[in-house]
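Geometric and topological summary
One-letter residues, chain by chain:
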Amino acid sequence: ADLWNAFNVIAAGEYAFVYSVRYEDATPIYYRELTIFDVTNPTAPQIAYTANAYLFGAMVRNYFYLLGSNPMPVLDVSNPSLPVALDPITLAQPI
């Protein structure tokens, strides 16, 4: 059975950005995923976007920073159902 564990949730307007870890028995490998939910109707949230993720995420205005990698990936989430990958930021010191 696949096991999921959400460990970082960021609410932004009518969207929820959820980091989760999934364990697959068949592989066995742990996967991290970022899922963006449209929670316009909180009783029936819809998945707007999903992707492989890094350790954690931080959101500032319309930008979502994928922490845990250097260079650090950045997404423009002005339209959360269609994020756009921007040029990554190279850090002097890893986070």
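Above this text is the structure in question.
These figures come from a predicted structure and were not determined experimentally.

Turning our attention to the overall build of the protein chain. Scanning the protein chain from N- to C-terminus turns up 0 helices and 8 strands. Helices and strands appear in the protein chain in the N-to-C order β-β-β-β-β-β-β-β. For the protein chain, the residues scored as buried account for 27% of the 95 residues in total. At a minimum sequence separation of 6, the contacts of the protein chain that also span at least 24 residues come to 23%.

Turning our attention to the pairing of strand 7 (residues 72-76). For strand 7, the tally of buried residues reaches 4 of 5 residues, placing the bulk of the element in the interior. Two elements, strand 6 (residues 63-67) and strand 7, share 3 bridges in a ladder whose sense is antiparallel. Bridging from a neighbouring strand, Tyr63 pairs with Asp76 of strand 7. Between strand 6 and strand 7, which pair antiparallel and follow one another directly, the connecting turn spans 4 residues, one of which, Gly68, has a positive phi of 115°.

Take the pairing of strand 5 (residues 56-60) next. The side chains of a regular strand alternate between both faces of the sheet. Across 5 bridges, strand 5 lies against strand 6 in antiparallel orientation. Across the sheet, residue Met59 finds its bridge partner in strand 6, namely Phe64. In this antiparallel pair of consecutive strands, strand 5 and strand 6, the connection spans 2 residues, and Arg61 shows a positive phi of 55°.

A full pass over the atoms with the stated rule returns 2 aromatic pairs. Between the aromatic rings of Phe17 and Phe64, the centroid separation amounts to 5.2 Å while the plane-to-plane angle is 15°, which identifies the pairing as stacked. Of the two residues, Phe17 sits in strand 2 (residues 15-24) while Phe64 sits in strand 6, which places them 47 residues apart along the sequence. Here Phe17 and Phe64 have matching classes, each one buried. On the basis of an interplanar angle of 20° and a centroid distance of 6.1 Å, the ring pair of Tyr19 and Phe64 is categorised as stacked. Of the two residues, Tyr19 is situated in strand 2 and Phe64 in strand 6; the sequence distance between them amounts to 45 residues. Judged on exposure class, the residue Tyr19 and its partner Phe64 are both buried. Each member of the aromatic cluster is reached from another via a ring pair, and the members are Phe17, Tyr19 and Phe64.

Next up on the list: a nonpolar patch on the surface. Together, Tyr63, Val84 and Leu86 make up an exposed nonpolar region whose accessible area comes to about 240 Å². Among the secondary structure elements, Val84 is positioned in strand 8 (residues 84-89).

Here is what the cut-offs are and how they apply
- Each chain has its residues counted from 1, following the order in which its sequence is written.
- Reporting in this predicted model follows two pLDDT cut-offs: at least 70 for local features of residues, and 80 or more for side-chain atom pairs to be given and counted; totals over whole chains, interfaces and linings ignore these cut-offs and use all residues.
- In computing side-chain properties, one takes all heavy atoms of the structure into account and sets aside hydrogens as well as water.
- Each helix is a run of DSSP H or I of at least 4 residues and each strand a run of E of at least 2, with the numbering of both proceeding from the N terminus.
- Throughout this description, buried means an accessible area under 20% of the type-specific maximum (1.4 Å probe, protein chains only), exposed means over 50%, and partly exposed covers the range between.
- Throughout, a contact is declared for two residues whenever any of their heavy atoms are within 4.5 Å.
- Between any two strands, at least two bridges found by DSSP are needed for them to pair.
- Any Phe, Tyr or Trp ring, taking Trp's six-membered ring, that has another such ring centre within 6.5 Å forms a pair; planes under 30 degrees apart are called stacked, those over 60 apart edge-to-face, and the others tilted.
- A patch consists of residues exposed above 30% relative accessible area that lack any salt bridge, with like charges linked at up to 9 Å and nonpolar side chains (Val, Leu, Ile, Met, Phe, Trp, Tyr) linked at up to 5 Å.
- A 1.4 Å probe and the Shrake-Rupley method give the accessible areas. Residues count as covered only by the protein chains that appear here.
- We count a salt bridge whenever a side-chain nitrogen from Lys or Arg sits within 4 Å of a carboxyl oxygen from Asp or Glu.

Read these as spatial facts, not as claims about activity.
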